[in-house]
Amino acid sequence: MSSSTTELTTTHLVGRTPLCWIGEPFASGGRGFWAKLEGANPGGLKDRAALHIVKQAKARRELAPRAMIVESSSGTFGLGLALAGIVYGHPVTVVSDPGMEAIIENLLVSYGVHVETVMQAHPCGGWQQARLDRVAQLMTGHPGSYCPDQYNNPDNVEAYAGLADELAARLGRVDVLVCSVGTGGHSAGIARRLRLRHPALRLVGVDSVGSTIFGQPARPRLMRGLGSSIHPRNVAHDAFDEVHWVAPQEAVWASRTLARTHYATGGWSVGAVTVVASWYARTRPSGTRIAAVFPDGPARYYTTVFDDAYCAEHDLLDRPPADEPDEIKDSGEAEVTRWTRMVMR
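Residues numbered from 1 in each chain as written. Predicted model: local features only at pLDDT ≥ 70, side-chain atom pairs only at ≥ 80, totals over all residues. Heavy atoms only, no water.

**Q** What's the story with unusual backbone geometry in this structure? I'm lost.
**A** Excluding glycine, most residues fall at negative phi; most peptide bonds, likewise, are trans. For the bond running from Glu24 to Pro25, omega is 5°, close enough to zero to count as cis. Checked against the element boundaries, Pro25 lands in the loop between strand S1 (19–22) and strand S2 (33–37). Its identity is not glycine, yet Asp149 carries a phi of approximately 50°, on the positive side. Its identity is not glycine, yet Asp315 carries a phi of approximately 55°, on the positive side. (Helix = DSSP H or I, 4+ residues; strand = E, 2+ residues; numbered from the N terminus.)

**Q** How do you make sense of the side chain of Arg202 when you look at a structure like this?
**A** Turning to its location among the elements, Arg202 is positioned in strand S7 (residues 202–208). Overall, Arg202 belongs to the buried group, its relative accessible area being 16%. A polar contact is formed between the side chain of Arg202 and the side chain of Tyr280, at a distance of 3.2 Å. If near-sequence neighbours (up to four positions away) are discounted, Arg202 is found in contact with Asp175, Val176, Leu177, Arg195, Asp241, Glu242, Tyr280, Arg284, Val343 and Arg345. (Buried < 20%, exposed > 50% of the residue type's maximum accessible area, 1.4 Å probe, protein only. Polar contact = N/O pair within 3.5 Å; in protein donor to acceptor, adjacent residues only side chain to side chain. Contact = heavy atoms within 4.5 Å.)

**Q** How should I be thinking about the environment of Ala82 in this particular structure?
**A** Topologically, Ala82 is positioned in helix H3 (residues 76–88). Sequence separation of Ala82 and His114 is 32 residues, and the distance between their C-alpha atoms is 9.7 Å. Apart from the residues lying within four places of it in its own chain, the contact partners of Ala82 are Leu108, Tyr111 and Val113.

**Q** So what exactly am I meant to see when it comes to the packing of helix H9 (residues 248–262) against helix H10 (residues 268–283) here?
**A** A pair of packed helices is characterised by two quantities: the angle between their axes and the separation of those axes. At a closest axis distance of 7 Å, the pairing of H9 and H10 adopts a crossing angle of 90°. As summarised for this structure, H9 and H10 are arranged roughly perpendicular, according to the angle between their axes. Contacts between H9 and H10 involve Pro248, Glu250, Ala251, Val252, Ala254, Ser255 and Leu258 from the first element and Trp268, Val270, Gly271, Ala272, Thr274 and Val275 from the second. Split into classes, the residues belonging to the contact of H9 with H10 amount to 9 nonpolar, 3 polar and 1 charged. (Axes fitted to C-alpha atoms, helices over the stretch in contact; angles between N-to-C directions. Parallel < 35°, antiparallel > 145°, perpendicular 65-115°, else oblique. Nonpolar A, V, L, I, M, F, W, Y, C, P; charged D, E, K, R; others polar.)

Following this line, the structure appears as C-alpha cells:
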C-alpha cells in the first residue's frame, strides 16, 4: 500500500466521533451535557494532533523522510504518533515513565514504537521534566530526528479545529465548553474555533489536584492525562473563564458511575470532566448548551480506575464529589485537595 493510500485511509479512522447525551444521575429534570467521545478514534483524542503535527512538519521540511520522531508521552499522544509513524513512514521513539500502563506500552511496541522509560523523576519538574530531558539526549544522539513538542508546538492547538467544526455541525451553538487540561492543545484549539461563531462561549478548564498549570504547587499525582508538573506554552491561560481542580477519588466515582448508567466512560480525564460538566448542567439556566470532551475510553484504566484493589489501596472507592465545589479567588489562596473552582473572569 502506498503512503498516499495509507494517509487517505486515516481520514476514515480519525474524526467524526460520536456525541453522547449525559443526563441522570448526573443531572435531573431533562438537564445534562453533550460528551464528545474521542475514544472512538483508534488511539484517542490525540490522534488528531499527532497526525496534524507530523503532516505540518513534513510540509515545512522540518521532518526529513524516514527521520526518527522522538517525544515524551504518558500514553495517548504516543498512540497517535504510532499511527502517524505508520502513515508517513517514520520510526517513533516514545519516552515515558513507570506510570505508563502495561497495556499502552505493549500496544506501542506492537505498533513498532521504541519505548524508553525514565526511572527517576526530576527533583523540580517531576516525571514530565525527566522525560523531556531524556528526549533532549536522544535528539542529540540522533542528528536529524524530530520532536513534535506537544507541550509547546502551536500545531497541537490548530489540530483541533476539525473537532470544533464537528461540534458546531451537530450542536449549532455551544454555550459552555468543558475540557481537561494537560498540554493545553485541545482546550485552546476548540475554544478558539468555536468563538469565531459564538464569542460568548464560556471555556472551563479541568485540572488535577497536584498540578501546577494554574499556579498550584506541583505534587505527586495519581491521575494521568491531565495536569502537569511543568508549564506548557500551549495552555491558553487568557482563554479560560474558570478552572476546576478535581481529585482522583472524585474522578473514579464519576467514571464508574458513567459506566453503570451510560456505558460511555473513560479514565481520569473523563471522570474529572464529568464532575465539572454535570455541575454546570445542574446549575446553569435550562437550555444552556454544554459540551465536554471525553479524551479516551476505559480500556487502558483496567488496572487503575476500574480495578477495585488499586482503588482500595489508594482510598478511592465510594467517595463521590460534594454537591458544590470549594471556591478560591486566586491560586495562591490555598492548596486545593478536592474539587475546587476558581473563576478567572
